[in-house]
Amino acid sequence: MKAKMKMLLPGYTGNMDDVVVYYNSKLNKMIVRRKVKPKRCVSTAHTTLIFALARRIGLSAAWHQDCQRYIDFYNAKNRKQGRALASWPAVWLKLMTAQTKARPDLDFAVLSRQELMQLDLPCLSIAGSVEAGFLEPVMGWQSLNALV
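All values reported here derive from a predicted model rather than from experimental measurement.

(A) Up close: the sheet that holds strand β3 (residues 29-34). If you trace the 3 strands from one edge of the open sheet to the other, you get β1-β2-β3, paired in antiparallel fashion. For this open sheet the edge positions go to β1 (14-16) and β3, each flanked by a neighbour on one side alone. Averaged over all adjacent pairs, the angle separating strand axes in this sheet is 25°, with direction ignored. Here strand β2 (residues 19-24) runs beside β3; their pairing, made up of 6 bridges, is antiparallel. Bridge pairing links Asn24 to Lys29 in β3.

Structure (structure tokens):
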């Protein structure tokens, strides 16, 4: 069942009965969706390790800028399909999940910045990740080669 509203009040965001209304700045439109109660899911230990690695190695400002440019290119390409990336954590999670599938022997709990550079993994830059197939190719991805 899809949540529906006949008329949207300008500037309204929040909860009403069984729907949630909010403005998505990346898609530039108001979204009305059914309010759902989250289901119990499997452990989030893997995701926790991925973001702990990001904090531990200290992602560079240049990588963050390249990531923001990738997000802008991605959103421009996929706006008509209604797909959008909001911020760098979404890109980082995609990268590291794909890296885990490619190299399941990596242990994110003990991996350091020096070891990451020595292994020469494709997830070190956005361009390398696109070449490896971890991220979707977008216009101008070749110039996004700042290291993590």
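(B) Layout of the nonpolar core. Ranked by internal contacts, the top residues of the largest apolar core, which has 32 residues, are Tyr70, Val91 and Trp92. Elements that contribute at least two residues to this core include exactly α1 (45-57), α2 (61-78), α3 (88-102) and α5 (126-132). Residues within four places of Val91 in sequence aside, it is in contact with Cys67, Tyr70, Ile71, Leu85, Ile126 and Leu135.

(C) Layout of the side chain of Asp66. Secondary-structure assignment places Asp66 in helix α2. We classify Asp66 as buried; its relative accessible area is 8%. For Asp66, the side chain forms a polar contact with the main-chain nitrogen of Ala146, separated by 2.9 Å. Once residues within four sequence positions are removed from consideration, Asp66 is found in contact with Ile126, Ser143, Leu144, Asn145 and Ala146.

(D) Main features of the environment of Glu136. Tracing the chain through its elements places Glu136 in the segment after α5. The exposure class of Glu136 is partly exposed, given its relative accessible area of 22%. Remark: the alpha-carbon pair of Glu136 and Tyr70, spanning 66 residues in sequence, is separated by 9.8 Å. Those residues in contact with Glu136 that sit more than four places away from it in its chain are Tyr70, Tyr74, Lys77, Asn78, Arg83 and Val130.

The rules behind the values
Residues numbered from 1 in each chain as written. Predicted model: local features only at pLDDT ≥ 70, side-chain atom pairs only at ≥ 80, totals over all residues. Heavy atoms only, no water. Pairing = 2+ DSSP bridges. Helix = DSSP H or I, 4+ residues; strand = E, 2+ residues; numbered from the N terminus. Axes fitted to C-alpha atoms, helices over the stretch in contact; angles between N-to-C directions. Core = buried A, V, L, I, M, F, W, Y, C linked by side-chain atoms within 4.5 Å. Buried < 20%, exposed > 50% of the residue type's maximum accessible area, 1.4 Å probe, protein only. Contact = heavy atoms within 4.5 Å. Polar contact = N/O pair within 3.5 Å; in protein donor to acceptor, adjacent residues only side chain to side chain.

Functional significance is not addressed by these values, which are geometric in nature.
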